[in-house]
Amino acid sequence: MRGRALKVVADNGAKRVEPAPLVVEAVALVEAAAPPAPPERISDQVKRLQAEARGLAHKHVLSLKTALEELKVLAEDISSGGDVYPAGVREIARRLVEDCEARAQAVASLAMRN
């Protein structure tokens, strides 16, 4: 019986005790219902929406300013690109550089007023 283990189990007459089933009671949480908020007055809603629209319009104006500045950089690159670019395109780009700079400054100035 080499390599085998001998297992001895004592039988002392004890009975196996099964654990009692776990009982969970469901407890309903009752929150104190807050009284419903009164509906927003139309005049307050109009003011809130107007303020939101002004904020979005300001962001849009700043996006225009940024786009003009980016266009100026692109136009500078083309206008100084030499003979690789057609002469007419270089001339338009040169004019755009001046125009975009002035327009971006005007947009920024107008945006600061509001």
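Going by the structure above, here's the rest.
Going along each chain's sequence as written, the residues are numbered from 1 onward. Under the rules for a predicted model, residues below a pLDDT of 70 receive no local features and side-chain atom pairs below 80 are neither given nor counted, while totals for whole chains, interfaces and linings still include all residues. Each side-chain value is derived from all of the structure's non-hydrogen atoms; neither hydrogens nor water enter the calculation.

A. Quick look at the overall build of the protein. In terms of regular secondary structure, the protein is built from 2 helices and 0 strands. Here the protein holds 114 residues, and 8% of them are scored as buried. By definition, residues are in contact when any of their heavy atoms lie within 4.5 Å. Within the protein, contacts between residues at least 6 apart in sequence are counted, and of these 53% link residues at least 24 apart. For the protein, the exposed surface amounts to about 10700 Å²; the carbon and sulfur share of it is 60%. Here a helix means four or more residues in a row that DSSP labels H or I, a strand means two or more in a row labelled E, and each is numbered from the N terminus. Think of it in three bands: with a 1.4 Å probe and only protein chains considered, a residue is buried below 20% of the maximum accessible area for its type, exposed above 50%, and partly exposed in between. In these tables, accessible area is a Shrake-Rupley quantity obtained with a 1.4 Å probe, and a residue counts as shielded only by the protein chains included in the view.

B. Fine view of the packing of helix α1 (residues 42-79) against helix α2 (residues 87-113). Working convention: axes come from line fits to C-alpha atoms, limited for helices to the stretch in contact. Angles between N-to-C directions cover 0 to 180 degrees. Where α1 meets α2, the closest approach of the two axes is 8 Å, and the angle between their N-to-C directions is 155°. Relative to α2, the element α1 lies roughly antiparallel. Crossing of α1 over α2 shows left-handed handedness. For the contact of α1 with α2, the per-class residue count stands at 16 nonpolar, 2 polar and 8 charged. Each angle gets one of four labels, with under 35 degrees taken as roughly parallel, over 145 as roughly antiparallel, 65 to 115 as roughly perpendicular, and the rest as oblique. Here a crossing is called left-handed whenever its near helix is offset anticlockwise from the far helix by less than a right angle, and right-handed whenever the offset is clockwise. In this classification, Asp, Glu, Lys and Arg are treated as charged, Ala, Val, Leu, Ile, Met, Phe, Trp, Tyr, Cys and Pro as nonpolar, and every other residue, Gly included, as polar.

C. The pattern of salt bridges, seen in detail. Only one rule defines a salt bridge in this text: a Lys or Arg side-chain nitrogen within 4 Å of an Asp or Glu carboxyl oxygen. For the coordinates displayed, the defined rule picks out 8 salt bridges. Here R94 and E98 are joined by a salt bridge, their closest N and O atoms 3.2 Å apart. Residue R94 and its partner E98 are located together in helix α2, separated by 4 residues, close to a single helical turn. One continuous salt-bridge network, built from bridges that share partners, spans E91, R94, R95 and E98.

D. Seen up close, the environment of A106. Along the chain, A106 falls in helix α2. In this structure the C-alpha to C-alpha distance between A106 and K65, which are 41 residues apart in sequence, comes to 8.9 Å.

E. Local environment of a nonpolar patch on the surface. Exposure above 30% relative accessible area and no salt bridge define the residues that can form patches, which grow by joining like charges within 9 Å and nonpolar side chains of Val, Leu, Ile, Met, Phe, Trp and Tyr within 5 Å. Residues V84, Y85 and V89 make up a contiguous nonpolar surface patch of roughly 280 Å² in combined accessible area. Within the secondary structure, Y85 sits in the loop between α1 and α2. What makes Y85 partly exposed here is its relative accessible area of 32%.

Read these as layout, nothing more, since geometry by itself doesn't imply function.
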